[in-house]
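What follows is each chain in one-letter form.
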There are 2 protein chains.
Amino acid sequence: MALVVQKYGGSSVADAECVKRVAQRIVATKKAGNDVVVVVSAMGDTTDELIDLAEQVSPLPPARELDMLLTAGERISMALLAMAIANLGHEARSFTGSQAGVITDGSHGKARIIDVTPGRIRDALNEGSIAIVAGFQGVSQDTKDITTLGRGGSDTTAVALAAALNADVCEIYTDVDGVFTADPRIVPAARRIPRISYEEMLEMAASGAKILHLRCVEYARRYNIPIHVRSSFSQKEGTWVVDSDDIEGRDMEQAIISGVAHDRSEAKITVVGVPDKVGEAATIFRVLSDAEINIDMIVQNVSAASTGRTDISFTLPASDGQTALAALNKVKDEIGFESLRYDDRIGKISLIGAGMRSHPGVTATFFSAIADAGVNIEMISTSEIRISVVVAQDDVDTAVAAAHRAFDLDADQVEAVVYGGTGR
Amino acid sequence: MALVVQKYGGSSVADAECVKRVAQRIVATKKAGNDVVVVVSAMGDTTDELIDLAEQVSPLPPARELDMLLTAGERISMALLAMAIANLGHEARSFTGSQAGVITDGSHGKARIIDVTPGRIRDALNEGSIAIVAGFQGVSQDTKDITTLGRGGSDTTAVALAAALNADVCEIYTDVDGVFTADPRIVPAARRIPRISYEEMLEMAASGAKILHLRCVEYARRYNIPIHVRSSFSQKEGTWVVDSDDIEGRDMEQAIISGVAHDRSEAKITVVGVPDKVGEAATIFRVLSDAEINIDMIVQNVSAASTGRTDISFTLPASDGQTALAALNKVKDEIGFESLRYDDRIGKISLIGAGMRSHPGVTATFFSAIADAGVNIEMISTSEIRISVVVAQDDVDTAVAAAHRAFDLDADQVEAVVYGGTGR
């Protein structure tokens, strides 16, 4: 008998019919002889509707109360799911994050999991019950206040519970059949990736593939929890995210390209005419760090000897753009730069694959493919298993398709089906 | 400095605008120098919408899960209310029933409060914060599961918290200006009752006056908590429900009629031709008790000597009518009665007032008034401070108005304003 943790996003439980369909899938897993723990997000647009209500009441709602409000969403979906399962003749018990023992720090809206003490879940399983757990939420260790985990929170809840319960697999249900070599909406010939390592999945997630959140994959890697990403709308095998040692053929020293990811959510800031002195770059990024802005790529041009000045460009989430510009303008005189340039019409294309660093041909092929498609590369950044380039936003689709083709990733026939929206 | 517990029903927080208006009233109470604890119900129709969702998913949802679902409603309203107060520059913290220390038994859907341990509420007050508490909900002592208190639950939460915190007053906000001598929708000349004793208020509630629930008044009487029933739509003084010793003039031995209540929610069952043997009535009411049906009035006719049989009539909530008929039919042969008659087109009129038992004229005046209005009395029942009669449902309005007039309760001018719907 295996212990299976399943996570269903908001689109999988969007209405009563969806809830009943998911209940059938859960019962089927139970009937197949497994212990089942289910993590569920709020129904469809519930969270957006609650945020809208909060905005009607207060322009800047206290974070503690916003968390209290938003966690009502999972309370509704999990109770309905437990009812639907009971209606199929199986016992199900729903648990809030607090009841499930999801202990977090006190950062409302973006709490981190500190510990998971799933005693009540274990009891429920031991008594033959299916346990339904509210995703996205926990309880703070110090104040005992309700917290939410922020973006990707329900996926993280599922993996954290799987780790604490020593589950055999964590199934993440979504609206596509797994992780693909590129976004099927851009590259219809994208192929499903049967198995991918935690490291590559992390790079995919960091590079804009929205199917799994970074935190969830990090957590799974730390505790070595196999994740099975699959569709709640079909019975097809999806993508397994596992340790690289568990992927056949990976011991051979060849470059294996997993896929092409893209991200349209970033913006680029260029700090023009920075005096070429020791510590100037450090000051710039200290200012941004103090403003809690995550920087992605950084490029510093070679200093022009004639002026003693240089330009520093970096990318960041476009949603942080105005905050970053304001923070930098405050220290303009201190640093002595000339001006700031801001561009949010950019896109990032990333090629992800094991062993590419030791195969220079990969980089050459990637750049050539993009150049041959007539797309100009603005910035470049690399890691052991990833190469990213920044291009104009309008060129993203062209560049993704070109790179996908250049690495022979195109399938012979269309495999991907996109079933609906995406959950939290 | 006083400690004030305020309770706002669903109609008082029906939408964002209502929430903001209530927040202003709460802040005004705080600014006047009071410590404030607020108990709030779910917004407007939230509970009905959640029940509707549950019914879409399961015809008979498990009670534990239904409680988990319904408690999402107060979680939303209390968080929004805390936000609205924060927006007015005052600190407010919301607490679930469990966080507020409302400990109940395990009867889902109709849990009884066992204990209240409001440590977190006290801490919040000591730190200068306004405490917002979810009405209607608690946590079971044994299983730690979320429970709901059933009908009138939020009022009971408010009084229970007021008792545990030793509050100076429990203000129950509703959509009328207090308790009236009759329902103003039937008797426009009804008068607001400035002060009423717990006992009379209990009889009013038991007799169909919906403004305060029986449980809440019982709780307040046991712990001697003054209740101030008033409108959230006006600043007028409402009705104080207090110990009879605290009402001026009550030490004189005169009958004081508080008001005329009515109830259209009951039905009448007549068990026809019951053998006139010892224990037959006991068997009938044991069967009904086993089916968890609350009986109100009971009348047994004198046995007709010729047949050795008698008829037994009783009233009960019409919603329990079919269950009661089924339960009785099962024991038809055992008891040997001839048939059952069912009538849900009845209404109950009750006259409530202190000292009426020792003033026979009260009863005579009451019956005469109803008779003179051409209304036939079907059943009669009395207590120390109440006389109730059952009449045809269509005659209720006429009978109420006639009794109200006969006891000189009509005001010189219309006092009552009904502002909207009613909350939970």
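Thresholds, definitions, all that
Residues numbered from 1 in each chain as written. Chains lettered and ligands numbered in written order. Predicted model: local features only at pLDDT ≥ 70, side-chain atom pairs only at ≥ 80, totals over all residues. Heavy atoms only, no water. Helix = DSSP H or I, 4+ residues; strand = E, 2+ residues; numbered from the N terminus. Contact = heavy atoms within 4.5 Å. Areas by Shrake-Rupley, 256 points an atom, 1.4 Å probe, with all protein chains shown as cover. Lys, Arg positive; Asp, Glu negative; His and termini not counted. Charge placed at Lys NZ, Arg CZ, Asp CG, Glu CD. Patch = residues over 30% accessible without salt bridge, like charges linked within 9 Å, V, L, I, M, F, W, Y side chains within 5 Å. Salt bridge = Lys/Arg side-chain N within 4 Å of Asp/Glu carboxyl O. Buried area = accessible area lost by both parts, 1.4 Å probe. Polar contact = N/O pair within 3.5 Å; in protein donor to acceptor, adjacent residues only side chain to side chain. Nonpolar A, V, L, I, M, F, W, Y, C, P; charged D, E, K, R; others polar. Least-squares fit on C-alpha atoms with pLDDT ≥ 70 in both. UniProt positions renumbered as here; feature names shortened; annotations may be inferred. Buried < 20%, exposed > 50% of the residue type's maximum accessible area, 1.4 Å probe, protein only. Arc of directions from axis to C-beta. Pairing = 2+ DSSP bridges. Axes fitted to C-alpha atoms, helices over the stretch in contact; angles between N-to-C directions. Core = buried A, V, L, I, M, F, W, Y, C linked by side-chain atoms within 4.5 Å. Parallel < 35°, antiparallel > 145°, perpendicular 65-115°, else oblique. Left-handed = near helix turned anticlockwise from the far one by under 90°.

Student: Summarise the overall build of chain A; cite the residues concerned and give the values.
Tutor: Each helix and strand in chain A was counted, giving 13 helices and 20 strands. Along the first, second and third principal axes, the C-alpha atoms of chain A reach 80 × 55 × 35 Å. A separation threshold of at least 6 residues defines the contact pool for chain A, and within that pool the share at least 24 residues apart is 75%. Here chain A has roughly 17500 Å² of accessible surface; of this, 47% comes from carbon and sulfur atoms. Between the centroid of the 40 positive side chains of chain A and the centroid of its 59 negative side chains there is a distance of 3 Å.

Student: Please provide a residue-by-residue account of a negative patch on the surface, values included.
Tutor: Side chains of Asp45, Asp48, Glu49, Asp52 and Glu55 of chain A sit close together on the surface and give a patch of like negative charge. The topology assignment puts Asp52 of chain A in helix H2 (residues 46-57).

Student: Can you break down the interface of chain B and chain A residue by residue, with the values?
Tutor: Each partner contributes to the interface: chain B provides 41 residues, whereas chain A provides 41 residues. By the criterion of area lost to chain A, the three top residues of chain B are Val57, Arg75 and Met83 of chain B, representing 23% of everything that side buries. Summed over the shared surface of chain B and chain A, the number is two salt bridges. For the pair chain B and chain A, the number of links is 14 residue pairs in polar contact (both at pLDDT 80 or more). The set of elements that each furnish at least two residues to the side of chain B that touches chain A consists of helix H1 (16-31), helix H2 (46-57), helix H3 (63-70), helix H4 (72-87) and strand E3 (92-95) of chain B. Ranked by the residues each element gives to the side of chain B that touches chain A, the list is headed by H4 of chain B, at eleven residues. For the side of chain B that touches chain A, the class distribution of residues is 25 nonpolar, eight polar and eight charged.

Student: Quick rundown of the relation of the copies chain B and chain A? Include the residues and the values.
Tutor: For the pair chain B and chain A, the best superposition has an RMSD of 0.1 Å and corresponds to a rotation of 180° with a translation of 0.0 Å parallel to the axis. Taken together, the rotation angle and the small translation identify this as a two-fold axis. The position closest to the rotation axis in chain B is occupied by the C-alpha of Ala72 of chain B, lying 2.5 Å away. A high fraction, 100%, of the interface residues of chain B reappear at the interface in chain A, so the copies pair face to face through one surface.

Student: With reference to specific residues and values, describe the UniProt feature "binding site: ATP" (unreviewed entry) in chain A.
Tutor: All names here are of chain A. Within this numbering scheme, the UniProt entry marks Lys7, Tyr8, Gly9, Gly10, Thr174, Asp175 and Arg185 as carrying the feature "binding site: ATP" (unreviewed entry). Across 179 residues in sequence, these annotated residues place their C-alpha atoms as far as 23.8 Å from one another, rather than forming a single compact spot. Mapping Lys7 onto the fold places it in strand E1 (residues 3-8). Relative accessible area serves as the criterion here: at 4%, Lys7 is assigned to the buried category.

Student: Now, about helix H9 (residues 280-290) of chain B: what can you tell me, with residues and values included?
Tutor: Residue and element names in this part refer to chain B. Turning to H9, its buried residues number three or more, namely Glu280, Ile284, Phe285, Val287 and Leu288. One face of H9 carries all of its buried residues, which in axial projection span an arc of 150°. Away from the buried face of H9 by more than 90 degrees, exposed residues Ala282, Arg286 and Asp290 are located. Downstream of H9 by a residue or two, Glu292 has a phi angle that is positive, lying close to 55°.

Student: Describe unusual backbone geometry, naming the residues involved and giving the relevant values.
Tutor: Residue and element names in this part refer to chain A. Despite not being glycine, Phe136 shows a phi value in the positive range, around 75°. Locating Phe136 in the fold gives a position in the loop between strand E6 (130-134) and strand E7 (137-140). Notably, Asp408 is not glycine yet its phi reads approximately 55°, a positive angle. Here Asp408 is to be found in the segment after helix H13 (396-406).

Student: Let's hear about the sheet that holds strand E17 (residues 339-343) of chain A: which residues, and what values?
Tutor: Residue and element names in this part refer to chain A. One open sheet accounts for four strands, arranged E15-E16-E14-E17; its pairing is antiparallel. Strands at the two margins of the open sheet, each flanked by one partner only, are strand E15 (298-300) and E17. For this sheet, the mean angle separating the axes of adjacent strands, direction not counted, is 15°. Relative to E17, strand E14 (residues 266-275) runs antiparallel, the two sharing five bridges.

Student: Pulling in residues and values, what's your account of the nonpolar core?
Tutor: With 72 residues, the main nonpolar core has Leu80, Leu81 and Ile132 of chain A together with Leu80, Leu81 and Ile132 of chain B as its most contacted residues. In this structure Leu81 of chain A touches Val19, Val22, Ala23, Ile26, Val38, Val40 and Ile132 of chain A, once residues within four positions along its chain are discounted.

Student: Before we move on, could you go through the side chain of Ser231 of chain A and cite the residues and values that matter?
Tutor: All names here are of chain A. Note on placement: Ser231 falls in strand E11 (residues 227-231). Ser231 sits in the buried class, given a relative accessible area of 0%. At 3.5 Å, the side chain of Ser231 and the backbone nitrogen of Ser234 are in polar contact.

Student: Could you give me a rundown of the packing of helix H3 (residues 63-70) of chain A against H4 of chain B, with the residues and numbers involved?
Tutor: Axis separation between H3 of chain A and H4 of chain B bottoms out at 8 Å; the angle between their running directions is 160°. The pairing of H3 of chain A with H4 of chain B is recorded here as roughly antiparallel in orientation. In this structure, the crossing between H3 of chain A and H4 of chain B has a hand that is left-handed. Facing Glu65, Leu66, Met68 and Leu69 of chain A of H3 of chain A, the residues of H4 of chain B in contact are Arg75, Ile76, Met78, Ala79, Leu80, Ala82 and Met83 of chain B. When the residues that make up the contact of H3 of chain A with H4 of chain B are grouped by side-chain class, the tally is nine nonpolar, no polar and two charged.

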